Each structure stands twice: as C-alpha cells, then as structure tokens.
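Read off the chains here:
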Amino acid sequence: MGPRRLLPLLSTLALLVVACGTTGSSTTPGGSSATATCATAPDVRAAPAGWAPPASAPPLVPYLVTNAISCGKARILFLYLDAANKVASAPDRTAKVAFYDLGRDPSKVVATADGSFVWTIQDERGMYVVDVDLPEAGTWGAEFTTEAPGSLPETSRLTLTVLDAQTAIAVGQKAPASKTPTAADVGGDLSKISTDKAPDPAFYQTSVADALAAHKPFMLVFATPKFCTSQQCGPTLDHFKPIAAANPAVTFINVEPYQLKIVDGSLQPVLDANNQLQATAITDEWGLLSEPWIFAVDRNGVVQGSYEVTITPTELDAILPVISAGG
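All values reported here derive from a predicted model rather than from experimental measurement. (Residues numbered from 1 in each chain as written. Predicted model: local features only at pLDDT ≥ 70, side-chain atom pairs only at ≥ 80, totals over all residues. Heavy atoms only, no water.)

Quick look at the sheet that holds strand β4 (residues 72–81)
Part 1 of the reasoning: Ordered in space as β2-β4-β8-β7, the 4 strands form an open sheet in which the pairing is antiparallel. The open sheet has two edge strands with one neighbour each: β2 (61–64) and β7 (116–121). For this sheet the average axis-to-axis angle between neighbouring strands, irrespective of direction, equals 40°.
Part 2 of the reasoning: Here 4 bridges tie β2 to β4, and the two strands are oriented antiparallel to one another. Paired with V61 across the two strands is L81, which belongs to β4. (Pairing = 2+ DSSP bridges. Helix = DSSP H or I, 4+ residues; strand = E, 2+ residues; numbered from the N terminus. Axes fitted to C-alpha atoms, helices over the stretch in contact; angles between N-to-C directions.)

Some points on the sheet that holds strand β3 (residues 69–70)
Part 1 of the reasoning: Taken in spatial order, the 5 strands of this open sheet run β3-β10-β9-β5-β6, and their pairing is mixed. Each end of this open sheet is capped by a strand with a single partner; those strands are β3 and β6 (109–114).
Part 2 of the reasoning: Where strand β5 (residues 94–101) lies against β6, 5 bridges are found, and the strand directions are antiparallel. Bridge assignment links F99 to a residue of β6, and that residue is A111.

Regarding unusual backbone geometry
Part 1 of the reasoning: Residue P292 is reached from E291 by a cis peptide bond, and omega for that bond is 5°.
Part 2 of the reasoning: Here P292 lies in the loop between β15 (290–291) and β16 (293–297).
Part 3 of the reasoning: Phi angles above zero are rare outside glycine, and D123 is one such case at about 60°.
Part 4 of the reasoning: By secondary structure assignment, the location of D123 is in the loop between β7 and β8 (125–134).
Part 5 of the reasoning: Judged by relative accessible area, D123 falls into the exposed class, the value being 60%. (Buried < 20%, exposed > 50% of the residue type's maximum accessible area, 1.4 Å probe, protein only.)

Overview of helix α4 (residues 313–325)
Part 1 of the reasoning: Taking 1.5 Å per residue, 13 residues should reach 18 Å; α4 reaches 19 Å between its end C-alpha atoms and fits that length.
Part 2 of the reasoning: Turning to α4, its buried residues number three or more, namely E315, L316, I319, L320 and I323. (Expected span 1.5 Å × (residues − 1).)

Side note on the layout of surface pockets
Part 1 of the reasoning: In this structure, the largest pocket encloses a volume near 630 Å³.
Part 2 of the reasoning: What lines the largest pocket is a set of 27 residues, among which K73, A74, R75, V171 and S306 lie closest to the centre.
Part 3 of the reasoning: Tallied by class, residues from the lining of the largest pocket come to 13 nonpolar, 8 polar and 6 charged. (1 Å grid on protein atoms, 1.4 Å probe; cavity = no way out; pocket = protein on both sides within 12 Å on 5 of 7 lines; lining within 4 Å. Points joined across faces, edges and corners; volume = space filled by probe spheres on them. Nonpolar A, V, L, I, M, F, W, Y, C, P; charged D, E, K, R; others polar.)

Points about the pattern of salt bridges
Part 1 of the reasoning: Inspection of every chain in the model, using the stated rule, returns 6 salt bridges.
Part 2 of the reasoning: Here R104 and E136 are joined by a salt bridge, their closest N and O atoms 2.7 Å apart. Here R104 is found in the loop between β5 and β6, whereas its partner E136 is found in the loop between β8 and β9 (138–147), with 32 residues between them in sequence.
Part 3 of the reasoning: Residue R104 is classed as exposed on the basis of its relative accessible area, which comes to 51%.
Part 4 of the reasoning: For R157, the salt bridge is made with E143, and the minimal N-O distance between the two is 2.9 Å. Here the residue R157 occupies a position in strand β10 (residues 154–163), and E143 occupies one in strand β9, the gap between them amounting to 14 residues.
Part 5 of the reasoning: When its relative accessible area of 32% is taken as the criterion, R157 is described as partly exposed.
Part 6 of the reasoning: A single network of salt bridges, built from pairs that share partners, joins D196, D238 and K241. (Salt bridge = Lys/Arg side-chain N within 4 Å of Asp/Glu carboxyl O.)

Digging into the pairing of β7
Part 1 of the reasoning: Here β7 runs beside β8; their pairing, made up of 5 bridges, is antiparallel. Directly across from W119, in β8, lies its bridge partner G126.
Part 2 of the reasoning: Adjacent in sequence and paired antiparallel, β7 and β8 are bridged by 3 residues, among which D123 carries a positive phi angle near 60°.

Comments concerning the packing of aromatic side chains
Part 1 of the reasoning: Enumeration over the complete set of coordinates arrives at 13 aromatic pairs.
Part 2 of the reasoning: Pairing F117 with Y128 gives two aromatic rings, centres 5.6 Å apart and planes at 70°, and the pair type is edge-to-face. Placement of F117 in strand β7 and of Y128 in strand β8 is noted, with a sequence separation of 11 residues between them.
Part 3 of the reasoning: Taking the centre distance of 6.3 Å and the plane angle of 45° together, the rings of F240 and F252 count as tilted. You can see F240 sitting in helix α2 (residues 233–246) and its partner F252 sitting in strand β12 (residues 251–255), a full 12 residues away along the chain. Here F240 and F252 have matching classes, each one buried. (Phe/Tyr/Trp six-rings, centres within 6.5 Å; stacked < 30°, edge-to-face > 60°.)

Given below as structure tokens:
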C-alpha cells in the first residue's frame, strides 16, 4: 500500500460516524490485517428501534472527533455543534454518554461515562474526552446527554463502528525505534525539519531511536503547525512547550506527520496524484490514521499513554510520573 492521507481534525463534517455496519478484522496502515483482540457482536443490518436518524436535526449535534474506535479501553473525543455548525462545547456544559451494544441488545446500557472538557484551542475551541470499556467489536449506539446553565437537558443519539483491533500503536506495546529527524541531521537548521514558526530546540535534540537506546522516558508529538488543516496542530505543539520546560527529566520529541521537501528555502508538502498530503513512513510505523497525536513512552520503551488531538491536565498529571518511573 502506498503512502496514506491522514484525517485531520474537523476537516469536514462528513466524517461524522452515523451509519450502522459490520466490523471484520481491522486493517493496519501498512495494509496488513491486525490481529483481533476481542469478539464481534452479531451484524446489525438495519437500525434498531430508537436508533434511526432523527426526522429533523436536533439543536445540538454530537460530533465524534475520534477517527477509529477499538474494542477494549477506548478514549473517545467528541464535541457539540449547533444549528450553524459552530462548536458549542463549553467548560460549563456537561456531557454524559451511555453506550449500547446494538448487536446484542439495543435497549440495554452497557457502559456510561462523563465527558471531561478540555480546551484544544484555549478559549476558542473545546471538546470532551470519555474513557470507556467497550468489550466487543461491532455496531454500537451512543446516547449523549448535555446540559448548560439555565437550560434543560438535551439528548441525542448516533451509531458508531467499534473495530476489533487497535489501529495505532497501543498502550502496553513496545514503541517502534523510529529514526525521527533531529537538529544534528540538518546542521541545527530546524526550518528543514519543522514547520513550527518558533520551534523549541529541545524537541529536536533526540530521536525516538536514541531515546529508546538511552532508556529515556519521552513524549512524542505528531503535529504539523503549517499543514494541519484543522489549525489544531500548532496549538497542540505550543501546549507542550511549557510542559517540556517544567519536566526536564522527560524528553519531548516533535515529528512532522506528512512527507515534506524543501522548496525555495522552506518546507512544502509532497502531494499525491490527488493533491493530498501523504503520511511519512514514521507515521505509518506508529499506525496513525489522524493527527495531531501524542504518545507517552517509559524508560523501558513501553507505550504508557496514547492521546489523539490533545491531552487533558488530569491525563498529563497521571502519565508523567508513570513514564518517569519506567511504568
């Protein structure tokens, strides 16, 4: 399989997962079938009662940001869009999700989770993170309930496909020994390996391969400030700069997820035949289907945390001691 195009955050509302479908074995970015890690529920060929699309759009629509949801412990990102397709997520708006295994019993709640709000672009755009255990693959239903101050609760539903295996490198797996570009590779000229307008040199001192060899805990940030169509990658990378400064015992590494080349003195994308961005071999090595993405790896080279788009303060406070201690 040739180079892939990643799915940038919020690149189009067409990415909203609403269709029921079957789930077979997952396919890794390299094209091979991933080993299933759970059973698959019976096929859902038609929307069960209560799960068909509404006759008219609700005032608030839950939008799944997560591009691939797998069985087991899942971290799911979502936000709310209003009738004008503007983000309506807010720190004072609650969010709760109930999950139904539609292939088993479309009326039975299997799990519930409260959404934790996080700013992805400070004071401009935010979303919710839920952690939930989905025991098997197949077609699931998600019932979202939200309430803002001074308003009544609103509930809406959508269906989603849960895969039978992880697409990205999973928590508990060994990190690939990727030879990510460093300042030493380009004579210290960071403009040749980073599209960040104000790159932090600390993020380009050590490659993933070198960090693993030296048994250094590290956080790996896949983000391209210049070519991220959602405008999320720059804020995500900027978010980690003060974190890196405050945690010198942890190595922070930024890598551009797309193929780039120098054109007229600056990095430009290598586009495919359809003029689309192409993932790098390193991006494929980590199994990414979207960006930005953050991995937390301990001294033993084991992935202890995997975070699509961003990381919440609670998640950060929990993971830093883990990787510093070696898991």
